[in-house]
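Survey of secondary and tertiary structure
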Amino acid sequence: MADNLPSEFDVIVIGTASVNSITGLPESIIAAACSRSGQRVLHVDSRSYYGGNWASFSFSGILSWLKEYQENSDIVNEGPAWQEQILENEEAIALSRKDKTIQHVEVFCYASQDLHEEVEEAGALQKNHASVISENPTEAVHSAYLPSEDESLCIASCEMLTEQTPSSDLETALEISNVKVTGETEKHDDKTCMKSASEEETSKNVPTTEGTALQPKKTRITYSQIIKEGRRFNIDLVSKLLYSRGLLIDLLIKSNVSRYAEFKNITRILAFREGRVEQVPCSRADVFNSKQLTMVEKRMLMKFLTFCMEYEKHPDEYKAYEEITFSEYLKTQKLTPNLQYFVLHSIAMTSETASNTIDGLKATKNFLHCLGRYGNTPFLFPLYGQGELPQCFCRMCAVFGGIYCLRHSVQCLVVDKESRKCKAIIDQFGQRIISKHFLVEDSYFSENTCSHVQYRQISRSVLITDRSVLKTDSDQQISILTVPGEEPGTFAVRVIELCSSTMTCMKGTYLVHLTCTSSKTAREDLEPVVQKLFTPYTETETENEEVEKPRLLWALYFNMRDSSDVSRNSYNDLPSNVYVCSGPDSGLGNDNAVKQAETLFQLICPNEDFCPPPPNPEDIITDGDSLQSEASEASVILEANSETPKESASLGNPEEASQ
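Residues numbered from 1 in each chain as written. Predicted model: local features only at pLDDT ≥ 70, side-chain atom pairs only at ≥ 80, totals over all residues. Heavy atoms only, no water.

1. Thoughts on the overall build of the protein chain
- Helices and strands together make up the secondary structure of the protein chain, namely 17 helices and 22 strands.
- Taking as baseline every contact in the protein chain between residues at least 6 positions apart, the subset at least 24 positions apart corresponds to 78%.
- Taken as a whole, the protein chain presents about 28,500 Å² of accessible surface, with 48% of it coming from carbon and sulfur. (Helix = DSSP H or I, 4+ residues; strand = E, 2+ residues; numbered from the N terminus. Contact = heavy atoms within 4.5 Å. Areas by Shrake-Rupley, 256 points an atom, 1.4 Å probe, with all protein chains shown as cover.)

Below is the structure:
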């Protein structure tokens, strides 16, 4: 593959990249913007799976990802000695071959594990046991399921077709039980460990032929079913939502990239108070229809929210309180404790101790500003998971000539000693590729380059449950819930609950994401919240027993590095034309990724528009018939590549999107 690569580009992006899969969001936006402005872009990735910490996985994919971090193995195979290619007037910046951005990975299985022989994911190819014994078994992860263009037309039926790429064979050949999931014991202290080959053979399942829909009562979901329906899961490593008037939505509309994706409106905002989960009224209609608030409270809340929408016009109302926390400010506004709690944790979604009055007013105004554009809440979620968004920008990059080279590692950056600028990269095959600008994901830098960098950590948990945290008539609710920290020094935990209509989990289950800024390990930070909201499945439960809380079927905990606030000056001796792209931050929205992408793009292309819409094929003026023919052919290809069906939600049409 290296022999076929051109030897010179304008921009080389080193990091997470994808074709028909998922990629890091900042890198994909920059690659798309540069390609759209006429730059020659090469996007390379060394990982055995795609997307880095922005990736999404099927269920077997997440098990393989777990195995990779359990083994702590090198991601890249050893290539030719690149040191021999460095000339006397050059020096090299070696890139890391290990990803150290994930720590403290723990996984628990609570679902019934009455496993049988030969279980496979639905729609998978027949197992090829020869390919299990591979040089790199984690290679299988790169076939994590994503919808094809035809499948995006069938959202209501939730039917996923078999992926027809050769990589499917690798994923389904993966030994599903390569990570041992522990059943819940009384002390809940068992940790993940690897199974032996004999244990793997006895722990496989067979698909059950009886459909649960045929039975009058909901049957119990087993681990076998989760494995069999594994391709229906799209598990994001990072959990975020889109503000309906946020920077990312604006960029998707402006660049016309939104046609490649579909979205669901978040249906409700929840609060956890006094041990109970309850729905928060946030729109005007919700406030006046709410039975939780008295008539006096409704008037108080509407008056305060009206002030927040135009608080800048009334500085006398808040100037004297700028130095205190937003929580203390709310106490001065004649709001009841009930309203103060709702505003602080479910509308502003700010810290009780760390956010000042201005931060709280800005957050509240932003929340209210986003209401009503696409539905009754300010948030949207992309079908098939957060990983769909970077893929959309990758498609735009490819349409305008960007080249993607996957499973292709870069050994080092070559720096000219005299100019102190980076001039080329050397890849795993020893090929030297020249470029003017280099964009490198933070995790690729070695410890020598990052010796003075101080990173924060994000605590993450992913849960599979059997029902919603707040039961209603509809089982297709998409919810966001904030659980405030109870002890000093602990952070509020953000909970996002996804139903099967988001195409991220199998029918009859919910996929729940928990996120907070780390103070300890992910399990220590998040397990208290998990215990408040869910109850573990136990074998002793009777079939007809009613459980007050949703049953917990499977749980994953891990800590993720947050490099979003790292200054460029913290890295040692970086050339001026090498730009650092950070991983995900702990915030709810994607504004940080968009701001970062636009800032770096302006450094590379200072006089260019950032992601303008593609030209209308009918408006393209060419000099000859042959060129006109080529333009017409290109427009046909472009139309064929669009995944947005006519009946799907369009970001440019709020009425359709809210449906």
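Additional details are given in the paragraphs that follow.
2. Quick word on the packing of aromatic side chains
- According to the stated counting rule, one finds 14 aromatic pairs in the structure shown.
- Both rings, one in Phe59 and one in Tyr223, keep their centres 6.0 Å apart while their planes meet at 75°; by these two values the pair is edge-to-face. Taken as a pair, Phe59 in helix 2 (residues 59-71) and Tyr223 in helix 6 (residues 223-228) lie far apart in primary sequence, 164 residues in all. Assigned by exposure class, Phe59 and Tyr223 land together as buried.
- On the basis of an interplanar angle of 75° and a centroid distance of 6.3 Å, the ring pair of Phe108 and Tyr557 is categorised as edge-to-face. Of this pair, Phe108 sits in strand 5 (residues 102-109) while Tyr557 sits in strand 21 (residues 551-562), and the two are 449 residues apart along the sequence.
- When its relative accessible area of 1% is taken as the criterion, Phe108 is described as buried.
- Three or more aromatic residues joined by ring pairs make a cluster, and in this case those are Phe59, Tyr223, Phe233 and Trp554.
- Just above the ring of Tyr260 sits the side chain of Arg395; from NZ or CZ to the centre is 5.1 Å. (Phe/Tyr/Trp six-rings, centres within 6.5 Å; stacked < 30°, edge-to-face > 60°. Buried < 20%, exposed > 50% of the residue type's maximum accessible area, 1.4 Å probe, protein only. Lys NZ or Arg CZ within 6 Å of the ring centre and 35° of its normal.)

3. Some remarks on the pairing of strand 21
- Burial analysis of strand 21 places 12 of its 12 residues in the buried class, which makes it a mostly covered element.
- Sheet analysis places strand 5 next to strand 21, joined by six bridges and oriented antiparallel. Residue Val107 lies in a different strand from strand 21, and its bridge partner there is Leu556.
- Across 10 bridges, strand 16 (residues 456-465) lies against strand 21 in antiparallel orientation. Note that in strand 21 the partner of Gln457 across the bridge is Arg561. (Pairing = 2+ DSSP bridges.)

4. What to know about the pattern of salt bridges
- The full count for this structure, using the stated rule, is 22 salt bridges.
- The shortest N-O distance in the salt bridge between Arg373 and Asp250 comes to 3.8 Å. Of the two residues, Arg373 sits in the loop between helix 12 (357-370) and strand 11 (379-382) while Asp250 sits in helix 7 (residues 247-255), which places them 123 residues apart along the sequence.
- Arg373 sits in the buried class, given a relative accessible area of 18%.
- Measuring nitrogen to oxygen at the nearest pair gives 3.9 Å for the salt bridge that ties Glu497 to Arg268. Placement of the pair is Glu497 in strand 18 (residues 493-498) and Arg268 in strand 9 (residues 268-273), with a sequence separation of 229 residues.
- Looking at Glu497, the relative accessible area reads 2%, which means it is buried.
- The exposure class of Arg268 is buried, given its relative accessible area of 1%. (Salt bridge = Lys/Arg side-chain N within 4 Å of Asp/Glu carboxyl O.)

5. Points about the packing of helix 1 (residues 25-36) against helix 15 (residues 591-604)
- Packing of helix 1 against helix 15 leaves a shortest axis separation of 9 Å and a crossing angle of 40°. On the basis of the axis angle, helix 1 is oblique to helix 15. As helix 1 packs across helix 15, the resulting crossing turns out to be right-handed. Contacts between helix 1 and helix 15 involve Leu25, Pro26, Ile29, Ile30, Ala33 and Cys34 from the first element and Ala593, Val594, Gln596, Ala597, Leu600, Phe601 and Ile604 from the second.
- When grouped by side-chain class, the residues that make up the contact of helix 1 with helix 15 number 12 nonpolar, one polar and no charged. (Axes fitted to C-alpha atoms, helices over the stretch in contact; angles between N-to-C directions. Parallel < 35°, antiparallel > 145°, perpendicular 65-115°, else oblique. Left-handed = near helix turned anticlockwise from the far one by under 90°. Nonpolar A, V, L, I, M, F, W, Y, C, P; charged D, E, K, R; others polar.)

6. A closer look at the side chain of Arg561
- Along the chain, Arg561 turns up in strand 21.
- A distance of 3.1 Å separates the side chain of Arg561 from the side chain of Asp442, its partner in a polar contact.
- Other than its neighbours up to four places away in sequence, Arg561 contacts Lys100, Thr101, Asp442, Ser443, Tyr455, Arg456, Gln457 and Pro584. (Polar contact = N/O pair within 3.5 Å; in protein donor to acceptor, adjacent residues only side chain to side chain.)

7. Remarks on the confidence of the model for the protein chain
- Confidence in the prediction of the protein chain, expressed as mean pLDDT, is 77, and 72% of residues score 70 or more.
- Segment residues 627-648: pLDDT under 50, and 33 contacts once partners within four positions in sequence are set aside and those in other chains are kept.
- Note that residues 655-659 has pLDDT below 50 and, in this model, eight contacts with residues that lie over four places away or in other chains. (pLDDT = per-residue confidence, 0-100.)

8. Looking at helix 12
- Compared with an ideal rise of 1.5 Å per residue, which puts 14 residues at 20 Å, helix 12 spans 20 Å between its outermost C-alpha atoms and is within 8% of the ideal.
- Listed in full, the buried residues belonging to helix 12 are Thr357, Ile358, Gly360, Leu361, Thr364, Phe367, Leu368 and Cys370.
- Close packing links the buried residues of helix 12 with strand 7 (242-243), strand 9, helix 9 (295-309), helix 10 (326-331), helix 11 (337-347) and strand 11.
- Here helix 12 starts with a cap whose side-chain oxygen sits 3.2 Å from the backbone nitrogen of Ile358, and that cap is Asn356.
- With its phi angle positive at about 85°, Gly372 sits one or two positions after the end of helix 12. (Expected span 1.5 Å × (residues − 1).)

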